[in-house]
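Report on the structure
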Amino acid sequence: MSKRLTCLVCPRGCQLEVSDDLVVTGNFCPRGIPYALQEIKEPKRTLTYLVKVEGQKEPLPVRTDVAVNKSLIFPIVEYLNKLVIKAPVTFNEILVENILNSGANIIASRPRR
Ligand code: SF4
């Protein structure tokens, strides 16, 4: 049975269809094909989130430096909810290496003094 999904690679949001024999249709450009096949096999997402900074009211925006398995998003969010980092932090500084053995680092999306 074929599967339908929306391509999230760019804002165009093509409606893709993947047949049983893994033929992708509905993609306006070639980037939709690996996206659709990855989504069928092992969906991944880049996570963006906010973490607390010791002694500061304003949380710090962070993200994973690579996409992680969708199944790990919730455990990573739980981990980040408990995390308190210390400033100063530079842009793209690694705050947590290989979080939960996902292969992704948590990095700062902004600098903070
Ligand atoms: S298939 Fe190409 S054009 Fe369509 S949403 Fe994906 S990246 Fe964008």
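Up top is the structure these notes are about.
Residues numbered from 1 in each chain as written. Predicted model: local features only at pLDDT ≥ 70, side-chain atom pairs only at ≥ 80, totals over all residues. Heavy atoms only, no water.

1. A look at the site of the ligand
Our working rule: In this text, near means that some heavy atom of the residue lies within 4 Å of the molecule or strand in question. Side-chain classes are defined by residue name, with Ala, Val, Leu, Ile, Met, Phe, Trp, Tyr, Cys and Pro counting as nonpolar, Asp, Glu, Lys and Arg as charged, and the others, Gly among them, as polar.
What surrounds the ligand is the set Cys7, Val9, Cys10, Arg12, Gly13, Cys14, Asn27, Phe28, Cys29, Arg31 and Gly32. Across the shell around the ligand, the residue classes break down as six nonpolar, three polar and two charged.

2. Quick word on the nonpolar core
Rules: Nonpolar core, defined: a set of buried Ala, Val, Leu, Ile, Met, Phe, Trp, Tyr and Cys residues in which side-chain atoms within 4.5 Å join the residues together. For every residue, the accessible area (1.4 Å probe, protein chains only) is compared with the maximum for its type, and the residue is labelled buried under 20%, exposed over 50%, or partly exposed between those bounds. The criterion used for residue contact is that any of the two residues' heavy atoms lie within 4.5 Å.
Grouped together as the largest cluster of nonpolar side chains are 18 residues, with contacts concentrated most on Val51, Leu60, Ile76, Leu80, Ile85 and Ile106. If sequence neighbours within four positions are ignored, Ile76 has contacts with Leu47, Val68, Ile99, Leu100, Ser102 and Ile106. Formed by eight residues, the second largest nonpolar core is a distinct cluster that contains Cys7, Leu16, Val24 and Tyr35.

3. Describing the pattern of salt bridges
Side chains that differ in charge, positive against negative, can pair when their charged atoms come close. For the record, the criterion: Within this document, salt bridges are pairs made up of a side-chain nitrogen of Lys or Arg and a carboxyl oxygen of Asp or Glu, the two lying within 4 Å of each other. A run of H or I in DSSP becomes a helix once it reaches four residues, and a run of E becomes a strand once it reaches two; helices and strands are each numbered from the N terminus.
The full count for this structure, using the stated rule, is two salt bridges. Here Arg4 makes a salt bridge to Glu17, at a shortest N to O gap of 3.3 Å. Of this pair, Arg4 sits in strand 1 (residues 3-6) while Glu17 sits in strand 2 (residues 15-18), and the two are 13 residues apart along the sequence. Judged by its relative accessible area of 63%, Arg4 falls in the exposed class.

4. Side note on the sheet that holds strand 2
Basically, it comes down to this: By definition, two strands form a pair when at least two bridges between them are found by DSSP. Orientation is described by axes fitted as lines to C-alpha atoms, over the contacting stretch for helices, and by angles from 0 to 180 degrees between their N-to-C directions.
With respect to topology, three strands assemble into an open sheet ordered 1-2-3, the strand pairing being antiparallel. The sheet terminates laterally at strand 1 and strand 3 (24-25), the two strands that pair on one side only. The sheet strands contacting helix 1 (residues 32-41) are strand 1, strand 2 and strand 3, and the helix crosses strand 2 at an angle near 60°.

5. Digging into the pairing of strand 6 (residues 60-64)
The element strand 6 is largely enclosed, with a buried count of four among its five residues. In the sheet, strand 5 (residues 48-53) pairs with strand 6 via four bridges, with the strands oriented antiparallel. In the sheet register, Thr48 faces strand 6, and the bridge partner there is Arg63. Here strand 5 folds back onto strand 6 in antiparallel fashion, the turn holding six residues, of which Gly55 has a positive phi close to 75°. Sheet topology places strand 6 next to strand 10 (residues 106-108); three bridges connect them, and they run antiparallel. Note that in strand 10 the partner of Val62 across the bridge is Ala108.

6. What to know about the sheet that holds strand 10
The strands that make up a sheet are held in pairs by hydrogen bonds between backbone atoms, and each pair lies either parallel or antiparallel. Across the sheet, which stays open at both edges, the five strands sit in the order 8-5-6-10-9 with mixed pairing between neighbours. For this open sheet the edge positions go to strand 8 (84-85) and strand 9 (94-96), each flanked by a neighbour on one side alone. Strands in contact with helix 2 (residues 73-82) are strand 5, strand 6, strand 8, strand 9 and strand 10; relative to strand 5, the strand with the most contacts, it is inclined by about 20°.

7. Thoughts on the packing of aromatic side chains
For clarity, the threshold we go by: Only Phe, Tyr and Trp rings take part, Trp by its six-membered ring, and two of them pair if their centres are within 6.5 Å. Stacked means planes under 30 degrees apart, edge-to-face means over 60, and tilted covers everything else. Geometrically, a charge over a ring is one whose NZ (Lys) or CZ (Arg) sits within 6 Å of the ring centre while staying within 35 degrees of the ring normal.
This model, assessed by the stated rule, comprises zero aromatic pairs. Over the ring of Phe28 we find Arg12, and its NZ or CZ is 3.5 Å from the ring centre.

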